[in-house]
Amino acid sequence: MSVVIAVDGPSGAGKGTLCVKLAKALGFSLLDSGALYRILGLASVDAGVAVDDEPALAELAKTIDVDFVPGEPGEPVGVMLNGIDVTSKVRLESTGALASKVAPHPMVRAALLETQRSFAQKGGLVADGRDMGTVVFNDAPLKIFLTASAQARAERRLLQLQSKGEDVNFATLLDEIEARDARDMGRAESPLRPADDAWQLDSTTKSIDEVFAEVMAEAQRRQLV
Ligand code: C5P
């Protein structure tokens, strides 16, 4: 089994950027588990499967053909769904909301479990998600729980989306973030919560470089890298 650094927290706390930086700096693989739920959400729309049809969603999760294509340096990883490039659709706010509606079903989560664990078969792994430290890699030697205030997360997301040319409104974004937090924390199966042995970090007043430096120092202190 490889060394796993599990990174959980609510949407917009900076997990994605942190995980990409960690994986690059350490030469580890990266699992963006949220992308799997996002892709399943997109696939459910294509297949005409409702977000509350648990058995059909679980079946879909087992059969969809997903491929992650490494991008140029600095470019996002490309995502192919059944041979079609869905890279730009995957990151949309609406796709995140859709993901959080297909994600609560136990059969869906079970169907995606082995896929996620298979990422840890070789070398080190940085795993980004909601239940990396509590369920998928519950024996990871370093579990980070990264939070930030909803206000700060909405501000960051606004800048991110605006830079991509998405037309968004701050109040709507804050509402969407709070609604997604409530769905992710309130569900019965694998709710978003810090693992008992998680190292909690609040990024509200910190830059991504500060957070990155703190996590690297902690990984070194634990002699993981
Ligand atoms: O992290 P990201 O915003 O891509 O995740 C999209 C949604 O997928 C989350 O809001 C959550 O509902 C779901 N998710 C999950 N478990 C994970 C990762 C994501 O339930 N490990």
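Attention here is on the structure that accompanies the text.

The rules behind these values
Residues numbered from 1 in each chain as written. Predicted model: local features only at pLDDT ≥ 70, side-chain atom pairs only at ≥ 80, totals over all residues. Heavy atoms only, no water. Axes fitted to C-alpha atoms, helices over the stretch in contact; angles between N-to-C directions. Helix = DSSP H or I, 4+ residues; strand = E, 2+ residues; numbered from the N terminus. Parallel < 35°, antiparallel > 145°, perpendicular 65-115°, else oblique. Contact = heavy atoms within 4.5 Å. Nonpolar A, V, L, I, M, F, W, Y, C, P; charged D, E, K, R; others polar. Polar contact = N/O pair within 3.5 Å; in protein donor to acceptor, adjacent residues only side chain to side chain. Expected span 1.5 Å × (residues − 1). Bend = angle between axes of the 7 residues up to and from the residue. Buried < 20%, exposed > 50% of the residue type's maximum accessible area, 1.4 Å probe, protein only.

**Some details on the packing of helix α3 (residues 54-63) against helix α6 (residues 106-118)**
Thinking step 1. Interaxial distance between α3 and α6 falls to 8 Å at its minimum, and their mutual angle equals 10 degrees. Classified by the interaxial angle, the pair formed by α3 and α6 is roughly parallel. Facing α3, whose interface residues are E54, P55, L57, A58, A61 and K62, α6 presents P106, M107, V108, A111 and L112.
Thinking step 2. In terms of residue class, the contact of α3 with α6 is built from nine nonpolar, no polar and two charged.

**Observations concerning the side chain of E218**
Thinking step 1. Following the sequence through the fold, E218 ends up in helix α10 (residues 208-221).
Thinking step 2. There is a polar contact of 2.8 Å between the side chain of E218 and the side chain of R222.

**Observations regarding α6**
Thinking step 1. With 13 residues, α6 extends 19 Å between its outermost C-alpha atoms, agreeing within 8% with the 18 Å of an ideal straight helix rising 1.5 Å per residue.
Thinking step 2. At L112, α6 is bent by approximately 30 degrees, the largest bend along its length.
Thinking step 3. Residues of α6 that are buried include every one of V108, R109, A111, L112 and Q116, and no others.
Thinking step 4. Buried-residue contacts for α6 involve β2 (29-32), α2 (33-47), α3, α5 (93-102) and α7 (132-136).

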